[in-house]
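Secondary and tertiary structure notes
Here is what each chain is made of, one letter per residue.
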Amino acid sequence: MRTRSAQRALRTRSGQGSSRHTIAAAAAAAAAAMAAPRRSRTPPRAAPPLLLLLWAAVGAAAAAQEAQPQAGPRLSDERVVFQTRWGDIEFAFFPDVAPVTCEHIFRLVTLGAYTDNHIFRVDAGFVAQVADVVGGRALRLDDAQQREGEKRVPLEVQAGVKHVEGVVSMGRYDDPDSGASSFSFLLGPAPHLDGQYTVFGRVTRGMEVLHRLEGLETRKEGIFVMPKERVAITATYWHIPGRPLTLGMLSAPGGAAGGAGGAGGAGGAAGAAAAAGCQAELGALRSRFEWTAQELQRVRVKCLPGT
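Reference entry: report on the structure contained in this document. (Residues numbered from 1 in each chain as written. Predicted model: local features only at pLDDT ≥ 70, side-chain atom pairs only at ≥ 80, totals over all residues. Heavy atoms only, no water.)

1. A short note on the pairing of strand β2 (residues 87-93)
Across the 7 residues that make up β2, a large majority, 6, are buried. Two elements, strand β1 (residues 79-84) and β2, share 6 bridges in a ladder whose sense is antiparallel. By the bridge assignment, R79 is partnered in β2 with A92. Counting the residues between successive antiparallel strands, the hairpin from β1 to β2 contains 2 residues. (Buried < 20%, exposed > 50% of the residue type's maximum accessible area, 1.4 Å probe, protein only. Helix = DSSP H or I, 4+ residues; strand = E, 2+ residues; numbered from the N terminus. Pairing = 2+ DSSP bridges.)

2. So, the packing of aromatic side chains
Aromatic rings considered in pairs are described by the distance between their centres and by the relative angle of their planes. One pass over the structure, following the stated rule, counts 13 aromatic pairs. Aromatic pair F183 and F185: ring centres 5.6 Å apart, planes at 85°, arrangement edge-to-face. Residue F183 is classed as buried on the basis of its relative accessible area of 0%. Sitting above the plane of the Y197 ring, R172 keeps its charged end 4.2 Å from the centroid. (Phe/Tyr/Trp six-rings, centres within 6.5 Å; stacked < 30°, edge-to-face > 60°. Lys NZ or Arg CZ within 6 Å of the ring centre and 35° of its normal.)

3. Some points on the pattern of salt bridges
Evaluated as defined, the whole model comprises 7 salt bridges. One salt bridge in this structure joins E90 and R205, with 3.2 Å as the shortest N-O distance. Taken together, the residues E90 in strand β2 and R205 in strand β7 (residues 199-205) connect sequence positions 115 residues apart. A salt bridge links R219 to E221, with the nearest nitrogen and oxygen atoms 3.0 Å apart. Bridged by salt links that share partners, the residues R107, E148 and K151 form one connected network. (Salt bridge = Lys/Arg side-chain N within 4 Å of Asp/Glu carboxyl O.)

4. What about the nonpolar core?
Residues F183, F185 and F200 are the most contacted members of the largest nonpolar core, which totals 36 residues. Dropping the residues within four chain positions of it, F200 is found in contact with F91, A92, F93, F94, A98, T101, C102, I105, V168, S169, M170 and F183. (Core = buried A, V, L, I, M, F, W, Y, C linked by side-chain atoms within 4.5 Å. Contact = heavy atoms within 4.5 Å.)

5. Let's talk about the environment of P227
Relative to the helices and strands, P227 resides in strand β9 (residues 224-227). Setting aside residues no more than four positions away along its own chain, P227 makes contact with I119, F120, R121, V122, L216, E217, T218 and R219.

6. Considering the side chain of S181
Here S181 shows up in the loop between β5 (167-170) and β6 (183-186). What makes S181 buried here is its relative accessible area of 1%. Here the side chain of S181 touches V133 through a polar contact of 2.9 Å, landing on its backbone nitrogen. Excluding anything up to four places from it in sequence, S181 contacts I105, L108, Y114, A131, D132, V133, V134 and M170. (Polar contact = N/O pair within 3.5 Å; in protein donor to acceptor, adjacent residues only side chain to side chain.)

Structure, rendered in structure tokens:
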């Protein structure tokens, strides 16, 4: 039997052993922790100024990239302008999305079929719709305009091309392949039309004019909200920004306007040569006129000082 003093000594040694084991383990763990590489979930309290500038630049670039609109379909070079007493509306085509529709509408434009037509529907926040040229014009259509206006084009849709504000969307009847010559300028997003109607272009200038039309007094006929006064398209034309009009342009796109007096198509090589000759003459005349204008200005300044 062990004495009380021996038992106390045993307990003391056991306790010290236990304590020494615990401390050693903790010390070993601490040493291992110190030896291991340190990782921090938070940035340092004070970063160098250059690093702060880099962070700011990266953040600004990311924000700018997010703010940029997503690239849409390729726009045609050609721009069509509808003139109204409220202002001009200009739009371009999506030839890669709806080639058949684009050629048909462009053909009607080059034939002058939309002149004296009208925007018969103005539904605020939704659409401003151009009437069919057959029945919509106040002027009588000629034979070429009538034939093109009576044609029908198929539904042309492409994934990712949405009905958002500013796009130009083809009108149709119940048959998806019944597009004629009526189309709409979107005044706001209309996702319920996606995949159901052909998007063939986008407004490039004049959205403020279209939104101005939303303030007109309207009446309702069935599903249509219509302005009480006639919104006439008094004149139409097309152009390519930054480029002078040439005879060869009248056959674009795809020879669509060849029948409208362009040099492309039936004329062949002879037509191209004639066009080149005309362009040379026009260039020479322009040079002479510019020289004459300069001379007139010189004489004007000399003889009429202060004007």
